[in-house]
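# Survey of secondary and tertiary structure
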Amino acid sequence: MSKTALITGASSGIGKELAIIHAQQGGNLVLVARRADKLNELKQTLESQHKVSVYVIAKDLTNANAPQEVYDEVQTQGITVDYLINNAGFGGRGKFHERSIEDDLAMINLNIVALTLLTKLFLPDFVKRNSGKILNTSSTASFMPGPLQAVYFATKTYVTFLSNAIAEELYDTNVTVTNLMPGATESEFAKTSGMEKQVYLNKQQRHIQ
Ligand SMILES: NC(=O)c1ccc[n+]([C@@H]2O[C@H](COP(=O)([O-])OP(=O)(O)OC[C@H]3O[C@@H](n4cnc5c(N)ncnc54)[C@H](OP(=O)(O)O)[C@@H]3O)[C@@H](O)[C@H]2O)c1
């Protein structure tokens, strides 16, 4: 029977690619992000190309109630989620003391709070069924402090350590929690995170070397 994956941040970049890979393998999907148009476009493509079922939830996950609303909507639709992929996230550049607290809190709310709440909501069902997988998109940034991206790197350290600890707690079940650890990846991330100039400079430097 085909498995259903709920993917946050599925409207672009890594989350969109994960959705395509899952659909190519015949899996059904619940796609979550803010841009309904992008999600619906992807739904149409995947449903017509791969004969899978795709359900769209357009939601801003930085809102405190959003994870619960996502969980409730999935229950109301009678969808059983087999794989939870907490992928939505963004970064931000600048000295910690110069960056706005609003920007940093929004980052923490998405990268940490929403990921934690969704895991808290779905994991008990997985444990009860003794099946299910959680994939959390962390980053190689989680291995070190990140001057000029201090909060972003710290959010990813949280993700890596949280996932590893929960995975250990589940050692005697069939439920797994895994970190996805990308390095620099071409996506909308650099633009969203105000780091296009940084990427451009790096490319120039690479060209000169
Ligand atoms: N690209 C890299 O170099 C890199 C490296 C390591 C780790 N990562 C991690 O990989 C993950 C995916 O990033 P990406 O590179 O694929 O970047 P991306 O193309 O910018 O994708 C980010 C996704 O998150 C969604 N999102 C952003 N804010 C949201 C919000 N408030 N509520 C709900 N969804 C939201 C975006 O959709 P909407 O705008 O439609 O909401 C989009 O689908 C992130 O966790 C990022 O930290 C990226």
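Shown above is the structure to which this text applies.
This is a predicted model, so every value here is computed, not measured. (Residues numbered from 1 in each chain as written. Predicted model: local features only at pLDDT ≥ 70, side-chain atom pairs only at ≥ 80, totals over all residues. Heavy atoms only, no water.)

## Re empty space enclosed by the protein
Selection rule: Cavity: a set of points on a 1 Å grid over the protein atoms alone where a 1.4 Å probe fits but cannot get out. Pocket: an open set with protein on both sides within 12 Å along at least five of seven lines, its lining residues, like those of a cavity, having an atom within 4 Å of a point. Grid points are joined across faces, edges and corners, and a volume is the space filled by probe spheres set on the points. Helix numbering and strand numbering both begin at the N terminus, where a helix is a DSSP run of H or I of at least 4 residues and a strand a DSSP run of E of at least 2. All residues other than Ala, Val, Leu, Ile, Met, Phe, Trp, Tyr, Cys, Pro, Asp, Glu, Lys and Arg, Gly among them, are scored as polar; the first ten of these are nonpolar and the last four charged.
Under the defined criterion, the tally for this structure stands at two cavities of 30 Å³ or more. Approximately 50 Å³ is the volume found for the largest cavity. Taken together, Thr-8, Leu-61, Asn-86, Asn-87, Ala-88, Leu-110, Ala-114, Leu-115 and Leu-118 form the lining of the largest cavity. Top contributing element to the lining of the largest cavity by residue count: helix α4 (residues 101-129), with four residues. Residues that form the lining of the largest cavity fall into these classes: six nonpolar, three polar and no charged. Its boundaries defined by the atoms lining it, the second largest cavity holds a volume of some 40 Å³. Every residue lining the second largest cavity is listed: Gly-92, Gly-94, Phe-96, Arg-99, Asp-104, Met-107, Gln-149, Ala-150, Val-151 and Tyr-152. When residues of the lining of the second largest cavity are traced back to their parent elements, those giving at least two are α4 and α5 (150-169). Looking at the lining of the second largest cavity, the element that brings in the most residues is α5, giving three residues. Residues that form the lining of the second largest cavity fall into these classes: five nonpolar, three polar and two charged.

## Looking at the side chain of Ser-193
Note the cut-off: For this analysis, residues touch if any pair of their heavy atoms sits within 4.5 Å.
Mapped onto the elements of the fold, Ser-193 is located in the loop between α6 (189-192) and α7 (196-208). Setting aside residues up to four positions removed in sequence, Ser-193 forms contacts with Phe-90, Gly-91, Gly-92 and Arg-93.

## A look at the pairing of strand β4 (residues 83-86)
Heads up, the condition is: When DSSP finds two or more bridges between two strands, those strands count as paired. Classification remark: right-handed applies to a crossover when, strands pointing away from the viewer, the course from the first strand over the helix to the second runs clockwise.
In terms of strand pairing, strand β1 (residues 4-8) meets β4 through three bridges, oriented parallel. What sits directly across from Leu-6, in β4, is Leu-84. Here β4 pairs with strand β5 (residues 133-137) via four bridges, running parallel. Each bridged residue has a counterpart across the sheet, and for Asn-86 the counterpart in β5 is Asn-136. As for the winding sense of the linkage, the β-α-β connection from β4 through α4 to β5 is right-handed.

## What to know about unusual backbone geometry
Which entries qualify depends on this criterion: Each residue is assigned to one of three classes by its accessible area relative to the maximum for its type, calculated with a 1.4 Å probe on protein chains only: buried under 20%, partly exposed between the two thresholds, exposed over 50%.
At Lys-51, a position not held by glycine, the phi torsion is positive, near 55°. Of note, Lys-51 is situated in the loop between α2 (36-50) and β3 (54-58). Note on Lys-51: relative accessible area 71%, which makes it exposed.

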